[in-house]
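For reference, the chains in residue letters:
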Amino acid sequence: MSQATLRIRKAAVLGAGVMGAQIAAHLTNAGIQTVLFDLAAREGPKNGIAIKAITHLGKLSPAPLAARELAAAITPADYDEHLAELKDCDFVIEAIAERMDWKLDLYRKIAAHIPERTILASNTSGLSINRLAEALPENLRHRFLGVHFFNPPRYMHLVEVTPGKATDHKLLEGLEAFLTSSLGKGVVFARDTPNFIGNRIGVFSMLATMYHTAQFGLGFDVVDALTGPAVGRPKSATYRTADVVGLDTMAHVIKTMADTLPDDPWREHFKAPVWLAALIEKGALGAKAGAGFYRKAGKEIQVLDLAKRDYRASEQKASDAVAAILALKNPAEKFAKLRASGDPEAQFLWACFRDLFHYTAYHLEGIAETARDVDFAIRWGYGWKLGPFETWQAAGWEQVARWIAEDIAAGKAMSRAPLPRWVTDGRKGVHTADGSYSPRANKAIPRSAAPVYRRQLFPDALIGETFDTGSTVWENGGIRLWTLGNDDVGIVSFKTKMCTFDDQVLDGIQHAVGLAEEKLKALVVWQTGPVFSAGANLKGVLGLLQEGKVSQLESMIANFQRTTQRVQHGLVPTVAAVRGLCLGGGCELQMHSARTVAALESYIGLVEAGVGLLPAGGGLKEIAERCARASFTDDPFEQVKHYFETIAMAKASGSALEAKQLGYLRPSDVVVFNANELLYVAKHVAASLAESGWRPPLPQATHVAGDVATATFKAQLVNMLAGHFISEHDMDIATRIADTLCGGNIERGSVVDAQWLLDLERHHFMALAQMEKTQARIAHTMATGKPLRN
């Protein structure tokens, strides 16, 4: 596989504001030496502004750093003393405020310190890349371009790459591969137009929503009920999003559109509504000021009521009629009913979608190469399930196009600009099996054939796209064993909701290992959705307990233990390909794999204590064995201490890197930054293990910490109970965890085998499961999604 190789060892970020500091954090997550620059401080150390920004990273939520300790790896710098640091940087990203004059001044200041081999990029969200390049000497312009991360940079998938006129296109493939694989991003190439793609369309959508809010006289909470998950968009919808962004920032973005798009047919609408300007004038700037469209009064969420000129309790509910329309599964039927309905909420939604479709189609040729670029920009940058063109196509392209044209002619649309001719040329949509439509090329253009995308066996799919789902080797009601390609690596995927475990899944895994030993050289456990496994099926567990089928539950736990041991001791290596939630039994399964390949955004943990139980699928056994191997003496107490607190407190990692720190992942386990590359890497790791002669571990004689260690833990728990930090039930759970990790009621340094530890696990699990307080915790968690402390 050949591609332009881009090696980045060291990077610099210019600007330690909200975006700059978080970009630096994510570069550091990826193992890149990073220097964070800002202005020299007037007091204290000159690099004090950058130092403060780095310190603040640990306080942000969601966390920009994949592990808090990584903050120490970022070097704080200032422009007065440390410009020499730029000399050995391979990548420099400018991320200062959106002021053209400030950016140009900074470029003139740093230009002499940037090597000709270095890529210099601006994180601008909408200023002209070609205009910015004018401040650079000719020898740097060919390696200058826009690289726009979305906030928060660690979590938002989109990066817009905008080449300038002078940008050397040879560097684009290497940069695209770096952003995609090393940083885990989805790259969209944009044209050098104001606000590029994501913000051009996304901000217009918000403007159209605000315009129609006033036109139809709807409350802000009602609009958020209509423009959130009900239409496949984030919970923050429209006005909550504006509060989070900041109303002053929102007004600035709107003004920028008006200033930079003088010829846009929708320009008359590029202005802040009167009520938005009034809120800003009062200092109600949104979440950062404690009030905006919403505010919190005690525990009550209140929304601004324009008619009353005061806040009232937020109801955030659509009308019953519109809720029923939005619940329809058929998009064509849904849009037809929205347009035909006399309900103001339905008319509002149709108007918002109509104007969004109209605007996006009108500007497609000017802002992007293909409709795919627009849809991915909005999906990845704004969190929509479908992009605007996908939504239109799903609703019936030709019919919706006719409706839009009718509304334009009737003067109902926000602009009288005509739809482009290609919209009504008889097409059924813009996404086909041949690719996505490009107005400039007047044909469908397929996905990029760049080598980096060969690593994505199942990339994010556009509407109507399908990918090779492989050949089924065997399946039952719980799992599917299948292969993809001709590498003899089997893939196990669960069929259950949230990939939970039941007996069909457990029996299926054991059978799959047996088949792999006969026909394949390795196995990968990989799920087709964004969750590896949420653990045991709690509904099934509680049902068995409530029906008095205790022996049946114990048989299932014993089966779980047999499954993890079969995976660990099978004659072919099993690799766990983890992303998203990997909790309880899911964590135990990956701990018993030959190797785990985890996406950065993997949230891994043995969290059974939160529902009144303890890990009983071999997880505590595995930890006791790991502690014994790590100990230089026959007493692994020091190693056990770390794990005990983690498991008793039901800690889950905030990333795969943190999972390594917590001990859920091993040092040899692999972390990948792009979840779409997970299966590709896992298959290669599995094949490599098989080719290198992998053998299962031999049975291990395990030295345990014994009853003295358990007593030590129990003494600590007694103090916590006395201080009301834990409940009596918490203490019982934690004591049983300690007893299992320490090997039970035996002497310190005693040697036990795996079965001894498995029996201890199962004994304590069953004792806890039959307790009323544990069953109350399970029921509460199932009903609310939150833990119960009783």
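For the structure itself, consult the block above.
In this text the structure is predicted, and so the values were computed from the model without any measurement. (Residues numbered from 1 in each chain as written. Predicted model: local features only at pLDDT ≥ 70, side-chain atom pairs only at ≥ 80, totals over all residues. Heavy atoms only, no water.)

**Digging into the overall build of the protein**
Thought 1: Across its full length, the protein carries 29 helices and 23 strands.
Thought 2: Whereas a compact globule of 790 residues would reach a radius of gyration of roughly 28 Å, the protein reaches 29 Å, a difference of no more than 12%.
Thought 3: Seen through its principal axes, the protein has C-alpha atoms that stretch 80 × 65 × 60 Å.
Thought 4: A separation threshold of at least 6 residues defines the contact pool for the protein, and within that pool the share at least 24 residues apart is 71%.
Thought 5: Just so you have it, the protein exposes about 33000 Å², and 53% of that area is on carbon and sulfur atoms.
Thought 6: In the protein, the 85 positive side-chain charges and the 85 negative ones have mean positions that sit 3 Å from each other. (Helix = DSSP H or I, 4+ residues; strand = E, 2+ residues; numbered from the N terminus. Rg over C-alpha atoms; globule rule 2.2 N^0.38 Å. Contact = heavy atoms within 4.5 Å. Areas by Shrake-Rupley, 256 points an atom, 1.4 Å probe, with all protein chains shown as cover. Lys, Arg positive; Asp, Glu negative; His and termini not counted. Charge placed at Lys NZ, Arg CZ, Asp CG, Glu CD.)

**Topic: the sheet that holds strand E15 (residues 471-475)**
For sheets, the rule is that strands pair by backbone hydrogen bonds, running either parallel or antiparallel.
Thought 1: Across the sheet, seven strands lie side by side as E15-E16-E17-E18-E19-E20-E21; this open sheet has mixed pairing. Each having just a single partner strand, E15 and strand E21 (670-672) make up the two edges of the open sheet. Across the sheet, the axes of successive neighbouring strands diverge by a mean angle of 25 degrees, strand direction being ignored.
Thought 2: Note that strand E17 (residues 489-494) and strand E18 (residues 522-525) share four bridges and pair parallel. Each bridged residue has a counterpart across the sheet, and for valine 489 the counterpart in E18 is alanine 522.
Thought 3: Against the sheet, helix H18 (residues 503-519) makes contact with E15, strand E16 (479-483), E17 and E18, and its axis sits at roughly 25 degrees relative to E16, the strand it touches most. (Pairing = 2+ DSSP bridges. Axes fitted to C-alpha atoms, helices over the stretch in contact; angles between N-to-C directions.)

**Re the side chain of glutamine 302**
Thought 1: By the element assignment, glutamine 302 lies in strand E10 (residues 300-305).
Thought 2: Using a relative accessible area of 11% as the deciding quantity, one classes glutamine 302 as buried.
Thought 3: For glutamine 302, the side chain forms a polar contact with the side chain of glutamate 300, separated by 3.0 Å.
Thought 4: Leave out the neighbours within four places in its chain, and glutamine 302 touches Phe293, Tyr294, Arg295, Ala297, Tyr311, Arg312, Ala313 and Ser314. (Buried < 20%, exposed > 50% of the residue type's maximum accessible area, 1.4 Å probe, protein only. Polar contact = N/O pair within 3.5 Å; in protein donor to acceptor, adjacent residues only side chain to side chain.)

**Some thoughts on empty space enclosed by the protein**
Thought 1: Applying the stated criterion to the full structure yields one cavity of 30 Å³ or more.
Thought 2: Within this model, the largest cavity holds a volume of roughly 50 Å³.
Thought 3: In this structure, the largest cavity is lined by Ser205, Thr209, Thr227, Arg233, Leu349, Cys352, Phe353 and Leu356.
Thought 4: Of all the secondary-structure elements, those providing two or more residues to the lining of the largest cavity are helix H7 (198-216) and helix H14 (344-367). (1 Å grid on protein atoms, 1.4 Å probe; cavity = no way out; pocket = protein on both sides within 12 Å on 5 of 7 lines; lining within 4 Å. Points joined across faces, edges and corners; volume = space filled by probe spheres on them.)

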